[in-house]
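Residues per chain, in single letters:
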Amino acid sequence: MLLIHYPQPYDTMYDFEVTIILPIYNVAPYIIACLQSIVNQTYQKNIECLLVDDCGTDESMTLATSFVKNYRGSVHFSILRHKRNRGLSAARNTGLQAAKGCYVYFLDSDDELMPDCLTRLTACLSAHHYDFVIGGMQLMGNRTQTSPLTLPHGTALMSNPHIRQAYFQQQWYTMACGKLCKRSFLLSHQLWFKEGLLHEDELWSFQLACTASSMCVVQQSTYLYKVREDSITTHGVAPIKHARAWAEIVTEMVRYSCQHNLLTTDVVQFILDEAYSMWRLFCWVGLDTNDRRTFTLQCRQALSHIPFSLRLRVATSGLRPLIRYANTLMPTCFADSYYRLLQLNKKG
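Residues numbered from 1 in each chain as written. Predicted model: local features only at pLDDT ≥ 70, side-chain atom pairs only at ≥ 80, totals over all residues. Heavy atoms only, no water.

Tell me about unusual backbone geometry, and please be specific about residues and values.
Excluding glycine, residues mostly have negative phi values, and the peptide bonds linking residues are mostly trans. With a phi angle near 60°, Cys55 is a residue other than glycine that sits in the positive phi range. For Cys55, the location among the structural elements is in the loop between strand 3 (47-53) and helix 2 (60-70). A positive phi is found at Asn261, a non-glycine position, where the angle reads about 55°. Relative to the elements of secondary structure, Asn261 occurs in the loop between helix 8 (239-259) and helix 9 (265-283). Classification of Asn261 by relative accessible area gives exposed; the value is 70%. (Helix = DSSP H or I, 4+ residues; strand = E, 2+ residues; numbered from the N terminus. Buried < 20%, exposed > 50% of the residue type's maximum accessible area, 1.4 Å probe, protein only.)

Kindly report on helix 7 (residues 200-209), identifying the contributing residues and their values.
Summarising burial for helix 7: nine of the ten residues are buried, a large majority. Of the residues making up helix 7, those classed as buried are Glu200, Asp201, Leu203, Trp204, Ser205, Phe206, Gln207, Leu208 and Ala209.

Talk me through the layout of surface pockets; I want residue IDs and the actual numbers.
The gaps of empty space that remain are located by a probe, the size of a water molecule, rolled over the atoms. In this model, the second largest pocket occupies a volume close to 200 Å³. The wall of the second largest pocket is formed by Ser188, His189, Gln190, Trp192, Gln207, Cys210, Thr211, Arg255, Tyr256, Gln259, His260 and Leu262. The greatest single-element share of the lining of the second largest pocket, amounting to three residues, is contributed by helix 8. (1 Å grid on protein atoms, 1.4 Å probe; cavity = no way out; pocket = protein on both sides within 12 Å on 5 of 7 lines; lining within 4 Å. Points joined across faces, edges and corners; volume = space filled by probe spheres on them.)

Would you mind going over the packing of aromatic side chains in detail, with residue names and values included?
For the structure on display, the rule yields eleven aromatic pairs. Ring geometry for Tyr167 versus Phe168: centroids 6.2 Å apart, planes at 55°, classification tilted. Taking the relative accessible area as the measure of exposure, Tyr167 reaches 4% and is therefore buried. By relative accessible area, which is 17% here, Phe168 ends up buried. Put simply, the rings of Phe132, Tyr167, Phe168, Trp172, Phe206 and Phe270 touch in pairs and so form one group of aromatic residues. Positioned over the ring face of Phe193 is Arg92, at 4.8 Å from the centre of the ring. (Phe/Tyr/Trp six-rings, centres within 6.5 Å; stacked < 30°, edge-to-face > 60°. Lys NZ or Arg CZ within 6 Å of the ring centre and 35° of its normal.)

Describe the environment of Tyr325, listing the residues and the values that go with them.
Turning to its location among the elements, Tyr325 is positioned in helix 12 (residues 319-325). Separated by 50 residues in the primary sequence, Tyr325 and Ala275 place their C-alpha atoms 9.0 Å from one another. Beyond its immediate stretch of four places on either side in the chain, Tyr325 contacts Gln269, Leu272, Asp273, Val314 and Ala315. Within polar-contact distance, the side chain of Tyr325 engages the side chain of Asp273 at 2.8 Å. (Contact = heavy atoms within 4.5 Å. Polar contact = N/O pair within 3.5 Å; in protein donor to acceptor, adjacent residues only side chain to side chain.)

Can you tell me about the nonpolar core, naming the residues and giving the values?
Formed by 108 residues in total, the largest nonpolar core has its most connected members in Ile20, Leu51, Phe77, Tyr105, Trp172 and Phe206. Apart from residues no more than four positions distant in its own chain, Ile20 is found in contact with Ile38, Ile47, Glu48, Cys49, Leu50, Tyr105, Leu107, Leu113 and Leu118. (Core = buried A, V, L, I, M, F, W, Y, C linked by side-chain atoms within 4.5 Å.)

Tell me about the packing of helix 5 (residues 160-168) against helix 7, and name the residues and values.
Look at helix 5 against helix 7: their axes get within 9 Å of each other, and the N-to-C directions meet at 150°. Along the contact surface, helix 5 presents Asn160, Ile163, Arg164, Tyr167 and Phe168, while helix 7 presents Glu202, Ser205, Phe206 and Ala209. Here the residues of the contact of helix 5 with helix 7 are counted per class, giving five nonpolar, two polar and two charged. (Axes fitted to C-alpha atoms, helices over the stretch in contact; angles between N-to-C directions. Nonpolar A, V, L, I, M, F, W, Y, C, P; charged D, E, K, R; others polar.)

A description of the pattern of salt bridges should follow, citing residues and the corresponding values.
Overall, the coordinates contain twelve salt bridges when judged by the stated rule. Between Arg92 and Asp108 there is a salt bridge, with its nearest N and O atoms 3.2 Å apart. Highlighted residues: Arg92 in helix 3 (residues 88-98) and Asp108 in the loop between strand 5 (103-106) and strand 6 (112-113), separated in sequence by 16 residues. The pair formed by Arg92 and Asp108 is uniform in burial state, with each residue classed as buried. For the salt bridge of Lys226 with Glu112, the shortest nitrogen-to-oxygen distance reads 2.6 Å. Of this pair, Lys226 sits in strand 10 (residues 215-226) while Glu112 sits in strand 6, and the two are 114 residues apart along the sequence. There is no split in this pair, since Lys226 and Glu112 are both buried. (Salt bridge = Lys/Arg side-chain N within 4 Å of Asp/Glu carboxyl O.)

Describe the pairing of strand 3, with residues and values.
By the criterion of burial, strand 3 is predominantly enclosed, with seven of the seven residues buried. On strand 3, burial covers both faces: Ile47, Cys49, Leu51 and Asp53 on one face and Glu48, Leu50 and Val52 on the other are all buried. Bridge analysis of strand 2 (residues 18-24) against strand 3 gives seven bridges, and the strand direction is parallel. What sits directly across from Ile21, in strand 3, is Leu50. Crossover strand 2 to strand 3 through helix 1 (residues 31-39) is right-handed. Summarising the sheet, strand 3 and strand 4 (residues 75-81) pair through seven bridges and their orientation is parallel. Along strand 4, the bridge assignment pairs Glu48 with His76. Following the chain from strand 3 across helix 2 to the adjacent parallel strand 4, one finds a crossover that is right-handed. (Pairing = 2+ DSSP bridges. Right-handed = clockwise from strand over helix to strand, strands pointing away.)

With reference to specific residues and values, describe the pairing of strand 2.
Summarising burial for strand 2: seven of the seven residues are buried, a large majority. Here strand 2 shows a buried face lined by Val18, Ile20, Leu22 and Ile24 and a second buried face lined by Thr19, Ile21 and Pro23. Two strands pair when backbone bridges link them, and strand 2 and strand 5 are joined in this way by four bridges, in the parallel orientation. Within the sheet, the bridge partner assigned to Val18 lies in strand 5 and is Tyr103.

Have a look at this one:
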């Protein structure tokens, strides 16, 4: 990894409150607007911005390098270069390892920050040094324009069970972007992104929700999320690859929960819900019988590490849970029959 600094001539020390981590890979049409949104921040303190070159094939890095070379302002830019393309998770991890700020902020290089993003998010820190602060999000390029953050503005959750419950109830979003996270908290709990995994934010935010002990909510839009049809998660990826990724996510959720003694009823119910929802989705989006069986077996193998008595307790807590989670209790050979039953139920 190669590190290139672009310090501004009047800066003599770099004591940063915030480090922005910006992975760059094939985003030439968007990168300048993204960088401009960083330097346009109303935030008055020093900002560190780490550009992580993940070896794309377009002119993204040429544009970005020219921008930071010609920039004169208070943002301290550095470029971290990978020797080969390693993916978004690795780029974020590279940035997190090199960051010097008390708090880190993950930004995707095809999105933008609102001008007062960091001002609004850091304002919460005057009351308490939260493990993370989450901001509202404006979606662009999608019919759904509302922010996937439903907790009221100013909400402060000061215990992990409350943070976990809010996440499991989908009151705060999965994306790693849009969150200002305490760097020491991420490092001490080893909250790294799993490399080579599609939908890596699903696993990372689950781990964040199961670990954080304090969070604060800024309901105003702080992040402009551009939904692209050619995004890595929405274009050119076969259903079986998505299915394999989700099977790995379920596996890692179970592993993480077992390792950190998190197998409480609410955690197990969430994992079973994720497995059921993805299993049901992928059974209906073109997986053939062999792929469906492989996906089912992978999930079943992962869920087998959760004690049967705990799965049974969650599954028998009501009629709806019993229908949803029955597949995790019955022998694997009945999975196809259960799938056909659900298909008939859907058609009905």
